[in-house]
Amino acid sequence: MSLHESISTLNVKGIISMNTQFRHRRLLLATLITMLVHGAVVAEDAQLPTIDVTASPLIDTPTLNTSIVSEEELKSLAPASSDTTRLLRNTPGLSIQASGGVSSHPVIRGLADDRLRIKVDGMDLISACGNHMNPPLSYIAPTNVGSATVFAGITPVSVGGDSIGGTILVDSPEPEFAIAGEGVLTTGEIGAYYRSNGDAYGGNIAATVAGEKLSLSYSGSYAEADNYKAGGDFKPAGPAAAGRGWLDGDEVGSSMYQSTNQSITMALQHENHLVELKIGVQDIPYQGWPNQRMDMTDNDSTQVNLSYEGQYDWGVLEARVYNEHTRHKMQFYDDKLFWYGSNPPATTYTDGVPCTPSGGKGGCAAGMPMDTEGDNTGAIVKAEIPLSERDLLRIGAELQYYDLDDWWDPSGKGMWPDTFWNINDGERDRVAIFGEWEAQWNTQWLTQLGLRGEHVKMDTDEVQGYNPMYNGDASAFNAADRSKTDNNLDVTALARFTPDDSSSMEFGYARKNRSPNLYERYTWSTGGMAMRMINWAGDGNGYVGNLELEPEVANTVSATFDWHDAEQEKWGFTLTPYYSYIEDYIDVERCGSSLMMGSPCNAANLTAKDQFVYLQFVNQSAHIYGVDISGHFTFADDDRYGSFTATGLVNYVRGKNDDTDDNLYNIMPLNARLAVVHRRNKWTNTIEVDLVDDKDDVSQVRNELETDSYALLHLRSSYEWKQLRFDFGIENVFDKFYNDPLGGAYLGQGKTMSPTGVAWGTSVPGMGRSIYVGMNYKF
């Protein structure tokens, strides 16, 4: 059989397999929906106690290191950013890895991305991208967040799973219903904002029509911004790339974005039962990436989310089924070189000039299209059962079926003439069960013990490269055993001692597991260009997967000491030291050999410094330790001037690779956030200072960049008058220049597909001064 015949057969088989899998997932979803609706109908005749439909069962006793973002904080931070992750900025132990304008990644105690379990409206969302450009929190707009909870460190098994760093739960507002006897409820809100840096603007609208039993609501948001500017020049001014526009010296290339999110929710309540159906859609036509070689040029997602919540005489039952489908595209956007090479018979390259795509060294490439399609179907059933006045049992089961296709159409030069299959019909399916026993032994002692078992099965079909040059790597991968199965066991043990009304102490141990993601196990090419396209670290390096990876196993011990006034209103101080030892931590090592001719996996790569390098995912051992400190103190409070409260956060974390003695990548240096908050009637004013130390404990294997210390001043103010709310603020008041410690390497402009087309050594700077205003009207 010829190469082209093999490719055609492979494509047909891949499409048939993908369609079959999608049909199976939709059949499962339809079956589960039918079961849920049937259960809700049958339950209507039951005469049971009434449930408060706005309650959140199954998280009745949060751990001391659980942080719940207040409603006021969600409202005040939303106009300052279009990135939902930044609503969590005041959470102890949490930092933010900069990324796209609406798609940054939360980091909890040095662990980020797939090492965290992040649920949006109860759905476990997965980033369908080799650069992780569509992380879970990018699927909900800041203006649509109704609640946000962060579990750091010792996470209960009832909210954990397939993660080693913590859990983040973000939900849209609860459905509203009319009060009995008061007729139809109509309510809603409309808002808008503007930010000076990047000329960012957007708006949101929400509306609800509800009776006593049925509620229908709509929410929509829009966000758009140009490139933002740093607090000073960090590069020469000039064209972004050949054939592209001009960038000033302080302009951060490829930081523009546009995003639209919409959802419709229908909820039905009957006595002690609530059924909710939410359908959401997202459209991101473009989002630049200053620390990646590619940009997002389309991200379309549809989510269908059906949930049930009910209270019975034996306890509380919660169930959910969901499906999320993502179609994602990457290409070089406005600030990165698009046209590579020239049409024959040109004797010299003229990058940036439109030409007809053709193969070979003398050919022309029209950028590099990269496409992914992901289908994510899940189901969750869990119950909370009071066994006695002392004992509470939580049990549950979860299913998740995830399919991913990642392919790169031919565009010319070396990317010719065939389609590159990066991941062909990748599957990552999870089945989990858990049990959690919580006991309130007396007024002083509470214990919690949990067990969680997970079965993770992964597989993928055969792959191919653009041309025969990739055959060595592809043939070896196709001949290997690609079916992998992991059986993981999580354990959590926690004890809380409350000696009096003004103090509590909590001690815990957790064993947590995470199986590799599809890209860590199944990316296969050691070609330089292909490796550079696999990167969610933002460091500019190239990565390749490893079929031999084992699950990560984190053993964590933590203690939290909490002191406060008896009413928990005037002052509080919390101290949380922690230590984690991680077996089979998925780190990297430099690759030194390859089956592919011309691969950068060679001897020179093993010792290269001051340049981008090529890495393979490997299991090693690591440990992470640190301390989180937070507190508040109301030092003045009277009717004339209002209240004045000082708040503070201090976070310290260190991470080391035990096998190599290298530092772990992207660890935030010592940092603090101090603020004074003034409240008087409907006014709230905040003065805030960020303090960040030098970052000099960097990953040597990645040639990670160091950053200098800095201090930033921010001002915020809000006023509420009847149904109107006004927000005003200045971020980085003094327009201070600084490099973001977790911002990664600057790749926002130039010849980014080339290994040396962008100079190594420039960090992505943080945003300069930005003045913002926001208004929201409720009706």
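Below is a short write-up of the structure. Residue numbering note: each chain is counted from 1, following its sequence as written. Local features in this predicted model are restricted to residues whose pLDDT is 70 or higher, and side-chain atom pairs enter the listing and the counts only when it is 80 or higher, whereas totals over whole chains, interfaces and linings include all residues. Hydrogens and water molecules were not included; the side-chain quantities draw on all heavy atoms of the structure.

Side note on the overall build of the protein
For clarity, the threshold we go by: Labels follow the DSSP assignment, with helices taken as runs of H or I lasting at least four residues and strands as runs of E lasting at least two, numbered in each case from the N terminus. Each radius of gyration reported is based on C-alpha atoms, and the globular scaling rule is 2.2 Å times the count of residues to the power 0.38. Residue exposure (1.4 Å probe, protein chains only): buried if accessible area is under 20% of the type maximum, exposed if over 50%, otherwise partly exposed. By definition, residues are in contact when any of their heavy atoms lie within 4.5 Å.
A tally of regular secondary structure across the protein gives six helices and 35 strands. Relative to its length of 779 residues, the protein is compact, with a C-alpha radius of gyration of 26 Å against a globular reference of 28 Å. Considered along the principal axes of its C-alpha atoms, the protein spans approximately 80 × 60 × 55 Å. The proportion of buried residues among the 779 residues of the protein is 59%. Taking the intrachain contacts of the protein between residues at least 6 apart in sequence as the baseline, contacts between residues at least 24 apart amount to 71%.

Points about the sheet that holds strand 2 (residues 94-97)
Where strands meet in a sheet, backbone hydrogen bonds hold them as pairs that are either parallel or antiparallel. What counts here: Paired strands are those between which DSSP finds at least two bridges.
Sheet architecture is open: three strands sit in the order 2-3-4, paired in antiparallel fashion. The open sheet has two edge strands with one neighbour each: strand 2 and strand 4 (111-112). Pairing between strand 3 (residues 105-108) and strand 4: two bridges, direction antiparallel. By the bridge assignment, isoleucine 108 is partnered in strand 4 with leucine 111.

Thoughts on the environment of tyrosine 139
Of note, tyrosine 139 is situated in the loop between strand 6 (123-124) and strand 7 (147-152). You can call tyrosine 139 buried: its relative accessible area is 6%. Expressed as a C-alpha distance, the spacing of tyrosine 139 and glycine 280, which sit 141 residues apart in the sequence, is 9.0 Å. The residues contacting tyrosine 139, other than those within four sequence positions of it, are Leu125, Asn134, Asn261, Gln282, Asn299, Ser301, Gln303, Glu324 and Thr326.

Structural notes on the pattern of salt bridges
Worth spelling out the cut-off: Throughout this description, the term salt bridge denotes a Lys or Arg side-chain nitrogen within 4 Å of a carboxyl oxygen of Asp or Glu.
According to the stated counting rule, one finds 41 salt bridges in the structure shown. Linking arginine 514 and glutamate 520 is a salt bridge whose minimum nitrogen-to-oxygen distance equals 3.2 Å. Judged by relative accessible area, glutamate 520 falls into the buried class, the value being 5%. Where glutamate 704 meets lysine 695, a salt bridge forms, and the shortest distance between an N and an O atom there is 2.5 Å. No difference in accessibility class separates glutamate 704 from lysine 695, as the two residues are buried. Where salt bridges share partners, they join Arg117, Lys119, Asp124, Asp162, Glu398, Arg428, Arg430, Arg452 and Glu454 into one cluster.

Points about the nonpolar core
Inclusion rule: In plain words, nonpolar cores are sets of buried Ala, Val, Leu, Ile, Met, Phe, Trp, Tyr and Cys residues tied together by side-chain atoms within 4.5 Å.
Judged by nonpolar contacts, the single largest core of 60 residues is most densely connected at Met294, Met368, Trp408, Tyr466 and Met529. Considering each element in turn, this core owes the most residues, four residues, to strand 21 (residues 391-408). Those residues in contact with tryptophan 408 that sit more than four places away from it in its chain are Met368, Pro369, Met370, Asp371, Asp418, Thr419, Phe420, Asn422, Tyr466, Ala530, Met533 and Ile534. Leu74, Leu137, Ile140 and Val170 belong to the second-largest nonpolar core, a separate cluster that totals 24 residues.

Focus on helix 3 (residues 471-479)
Condition: An arc is given here, and it is the one of the directions from the helix axis to the C-beta atoms.
Here helix 3 has its buried residues at Asp473, Ala474, Phe477 and Asn478. End-on view of helix 3: buried residues confined to an arc of 125°, all on one side of the axis. Elements in contact with the buried residues of helix 3: helix 4 (518-522).

A short note on the pairing of strand 31 (residues 671-680)
The two faces of the sheet receive side chains in turn, since in a regular strand these alternate between them. Two strands pair when backbone bridges link them, and strand 30 (residues 642-657) and strand 31 are joined in this way by nine bridges, in the antiparallel orientation. Bridge assignment links asparagine 651 to a residue of strand 31, and that residue is asparagine 671. Pairing of strand 31 with strand 32 (residues 683-692), which is carried by 10 bridges, proceeds in the antiparallel orientation. Within strand 32, the position partnered with histidine 678 by the bridge is asparagine 685. Taken together, strand 31 and the strand that follows it, strand 32, pair antiparallel across an intervening segment of two residues, in which asparagine 681 is found at a positive phi of about 55°.

A look at a nonpolar patch on the surface
What counts here: Put simply, a patch holds well-exposed residues, over 30% relative accessible area, that have no salt bridge, with like charges counted together within 9 Å and Val, Leu, Ile, Met, Phe, Trp or Tyr side chains within 5 Å. With residues, only the protein chains shown are counted as cover, and all accessible areas are computed by Shrake-Rupley using a 1.4 Å probe.
There is a patch of nonpolar side chains on the surface, built from Ile190, Ile205, Leu214, Leu216, Tyr218, Ile264, Met266, Leu268, Tyr777 and Phe779 and spanning about 890 Å² of accessible area. At the level of secondary structure, the elements contributing two or more residues to the nonpolar patch comprise strand 11 (214-225) and strand 14 (257-270). With respect to the element layout, isoleucine 190 can be found in strand 9 (residues 185-195).

Section: unusual backbone geometry
A cis amide bond links tryptophan 416 to the next residue, proline 417, at an omega of 5°. By secondary structure assignment, the location of proline 417 is in the loop between strand 21 and strand 22 (420-440). For lysine 722, which is not glycine, the phi torsion reads 55° and is therefore positive. By the element assignment, lysine 722 lies in the loop between strand 33 (710-721) and strand 34 (724-731). Residue lysine 722 is classed as exposed on the basis of its relative accessible area, which comes to 68%. Positive phi, normally seen in glycine, also occurs at aspartate 735, with a value near 55°. Relative to the helices and strands, aspartate 735 is located in the loop between strand 34 and strand 35 (770-778).

Description of the state of the cysteines
Threshold: Cysteine sulfur atoms that pair up within 2.5 Å are treated as a disulfide.
Applying the stated criterion to the full structure yields two disulfides. Each sulfur of the disulfide joining cysteine 355 and cysteine 364 lies 1.7 Å from the other. The disulfide joining cysteine 355 to cysteine 364 has a torsion of about 60° about its S-S bond and is therefore right-handed. On the accessibility criterion, cysteine 364 (0% relative accessible area) is buried. The disulfide bridge from cysteine 591 ends at cysteine 601, spanning 2.0 Å between sulfur atoms. Residues cysteine 591 and cysteine 601 share a disulfide whose torsion about the S-S bond is about -70°; that sign makes it left-handed. Of this pair, cysteine 591 sits in the loop between strand 28 (571-590) and helix 6 (603-607) while cysteine 601 is found in the loop between strand 28 and helix 6, placing the two residues 10 residues apart along the sequence. The exposure class of cysteine 591 is buried, given its relative accessible area of 8%. The class of cysteine 601 is buried, set by a relative accessible area of 4%.

Some thoughts on the pairing of strand 10 (residues 200-210)
Note that strand 9 and strand 10 share 11 bridges and pair antiparallel. If you follow isoleucine 190 over to strand 10, its bridge partner there is isoleucine 205. The loop that links strand 9 with its antiparallel partner strand 10 comprises four residues; one of these, glycine 198, has a positive phi angle of about 85°. Alignment of strand 10 against strand 11, held across 10 bridges, turns out to be antiparallel. The partner of glycine 202 across the bridge, within strand 11, is alanine 223.

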